[in-house]
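Structural overview for review
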Amino acid sequence: MDDLRDIESAIEAVLFAAGDSVSIDKLSEIINQDKKTTISILSGMEMKYKNSPRGIMLRQLGSNYQLCTKPEYEEHIAGLGVSRKKQGLSQAAYEVLSIIAYHQPVTRAYIEQIRGVNSDNVISTLAEKNLVYEIGRQDAPGRPKLYGTTEEFLRVFGFSSIGDLPQLGMNEIKMVMNDIPVD
Amino acid sequence: MDDLRDIESAIEAVLFAAGDSVSIDKLSEIINQDKKTTISILSGMEMKYKNSPRGIMLRQLGSNYQLCTKPEYEEHIAGLGVSRKKQGLSQAAYEVLSIIAYHQPVTRAYIEQIRGVNSDNVISTLAEKNLVYEIGRQDAPGRPKLYGTTEEFLRVFGFSSIGDLPQLGMNEIKMVMNDIPVD
Amino acid sequence: MQNELASSLHNACTIKLDNFEGPFDLLFYLIEKNQIDIYDIPIFEITDQYMDYLFAMQEMDLDIASEFLVMASTLLHIKSKLLLPSKKEVDQDEVDPREELIMKLVEYKKAKELAGMLQERAKTWNKVYYKLPEALPESAFEVILDVTPSLLKECYLKCKQDYHDRQNDVSDKMNRILAQEKVSLKLKVRELLTKLKKGIKLCFSQVYNLRKMSRVEVATGFLATLEVAKLGRATIKQEVEFGEIYIKPKRN
């Protein structure tokens, strides 16, 4: 199987059958190409889906890829009568999620320091919704848990990797350091 | 929504999200077209999927339509369920395999004479792994089996032929030549 | 201004009563409400407003979470620090007491901004549908052979070398056996007699050493020794069982 179009078709078939996200490693194994080639093929496909008159698209989720429908056809799909539960998150949950997303890996203590309020329950809720998970423990007294965001986080908020998060505030911090005004 | 391409995309999205088959009636309702038009759009799509480099295709099932993978990608899809595990060869296996590789065709007696130990099990294991096989029988008393290496052997070691085996140096060849045992 | 503040506080209490996630949230709300530059917080005003809010909560019999009180004391502390007459010449390097609070507020602001953005993004990406997995064939287990081609050659040469060594070992033994077979008992007797002619006592183990000759040769040597004794050309003596056998020449 050397023809690029045939490889792309095979990937489409595999991702369709999988439904779930499939790792780049697995895909490269299946199409019998090295990882680098596989990644470039997938990137090419991502663009093709985007720019072709298709109802589905390819999404990168960290080191995985998954097929999904394009958002613009939501109403048509709703016509099927499929009910789906919405990810209802509280304001507090969004705040904690943002802090974890930006500062990961991060401890509970750090989150609470930024928010100024106990965040235990909120973290549990986010973990239950599979948006954050415990990625390990900090090498510090008490070995506190470290939290990070999941693939589901990327999926729900439309990021292809953590690197996709908008860069906020770097300039602001600098500014604070330079111009502490006198009251 | 009047653009045919947009309608087709919407149908693809709907069928993808449904997973299952969807009735023509339901589809015509969703795309807001009469049944006849819907059928002709679906037939057109069926042909497009068939003739395009796609991994999926559209199938009519009575009065329903469903997306599914093309049969030719069955093996790739099967690869999803395969988990791979790396495994090495034992020292004994390497020894027997090397004697067979360099001396093929070769009898069990010859292998055992060189190694000085019973090699029955090792040969069986190598045969199970499809690295060696019985290529015939020697025209000698007892008509002993003759072993040789397989295509799988070449594939696993990355040789294109037996000629690709690591070359023996001049001194090494001398040593080997002096000691050919009597079979 | 005072009235305005009072009414905004009233609104705050009635509308947002339970909605503040924490002291930063409340502080942030006040800052936004008064359109204050986050990097230049009028600490006196903000502290007053913050305290007013807490009093209002108290009047309404609401439990005030301890975090809100911690913030109140922080604000009052900053305020008191700013009230102290500054010894400018000495304290050039002293940091603005508001700095830590500002840093925290900036972090909090970032979290808030991202939170809002996440909320927006979720709206879009919630419109996306995924497909359930197909019933896949039962999972198989594939073993990948991890092999090293160079090991083939190494193992082959090792086998050959071992074989070669064994071969040589065996032929040495064979040679010794063959050589010894040519030596008859008669020859061994003659050899021993020659040695005894020197008139020196011999140790059996030195003349017939298993390390130097084969078992058969040593056995033949033993027979030769007995033969010599029988001929009356030597006396044999063994003091201990399994001990050394001494062969002493005897003149006749």
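Residues numbered from 1 in each chain as written. Chains lettered and ligands numbered in written order. Predicted model: local features only at pLDDT ≥ 70, side-chain atom pairs only at ≥ 80, totals over all residues. Heavy atoms only, no water.

Turning our eyes to something else, we now look at the confidence of the model for chain A. Residues and elements named next belong to chain A. The predicted model of chain A has a mean per-residue pLDDT of 86, with 87% of residues at 70 or higher. Mean pLDDT across the secondary structure elements of chain A bottoms out at helix α9 (residues 170–178), with 46, and peaks at strand β3 (residues 64–69), with 95. Low pLDDT, under 50, characterises residues 170–183; the stretch is placed with 28 contacts to residues that sit more than four places away or in other chains. (pLDDT = per-residue confidence, 0-100. Helix = DSSP H or I, 4+ residues; strand = E, 2+ residues; numbered from the N terminus. Contact = heavy atoms within 4.5 Å.)

In this section: the interface of chain A and chain B. Contact with chain A, which involves 27 residues of that partner, is made by 30 residues of chain B. For the pair chain A and chain B, the summed buried area comes to about 2,600 Å², and 70% of that belongs to carbon and sulfur atoms. Interface area lost by chain A to chain B is led by Phe-16, His-76 and Leu-80 of chain A, which between them contribute 23%. Where chain A touches chain B, the interface holds 1 salt bridge. Between Arg-54 of chain A and Glu-12 of chain B there is a salt bridge; the shortest N-O distance is 2.7 Å. Secondary structure elements with two or more residues in the side of chain A that touches chain B: α1 (4–18), α2 (24–30), β3 and α4 (74–78) of chain A. By residue number, the principal contributor to the side of chain A that touches chain B is α1 of chain A, which donates 10 residues. (Buried area = accessible area lost by both parts, 1.4 Å probe. Salt bridge = Lys/Arg side-chain N within 4 Å of Asp/Glu carboxyl O.)

On to the interface of chain C and chain A. Often, the extent of an interface is quoted as the loss of accessible area on bringing the components together. In this complex, chain C contributes 46 residues to the contact, which on the side of chain A involves 53 residues. A combined buried area of about 4,500 Å² lies between chain C and chain A, and 63% of that area is made up of carbon and sulfur atoms. Across the chain C-chain A interface, the total number found is 1 salt bridge. Where Glu-95 of chain A meets Lys-112 of chain C, a salt bridge forms, and the shortest distance between an N and an O atom there is 3.4 Å. One can count 10 residue pairs in polar contact (both at pLDDT 80 or more) joining chain C with chain A. Elements represented by at least two residues in the side of chain C that touches chain A include exactly α2 (23–33), α3 (43–59), α4 (66–83) and α5 (99–125) of chain C. (Polar contact = N/O pair within 3.5 Å; in protein donor to acceptor, adjacent residues only side chain to side chain.)

Our next topic: a nonpolar patch on the surface. A cluster of nonpolar residues, Leu-185, Phe-222, Leu-223, Leu-226 and Ile-236 of chain C, forms a patch on the protein surface that exposes about 390 Å² of accessible area. Among the elements that line the nonpolar patch, the one with the most residues is helix α9 (residues 215–230) of chain C, at 3 residues. (Patch = residues over 30% accessible without salt bridge, like charges linked within 9 Å, V, L, I, M, F, W, Y side chains within 5 Å. Areas by Shrake-Rupley, 256 points an atom, 1.4 Å probe, with all protein chains shown as cover.)

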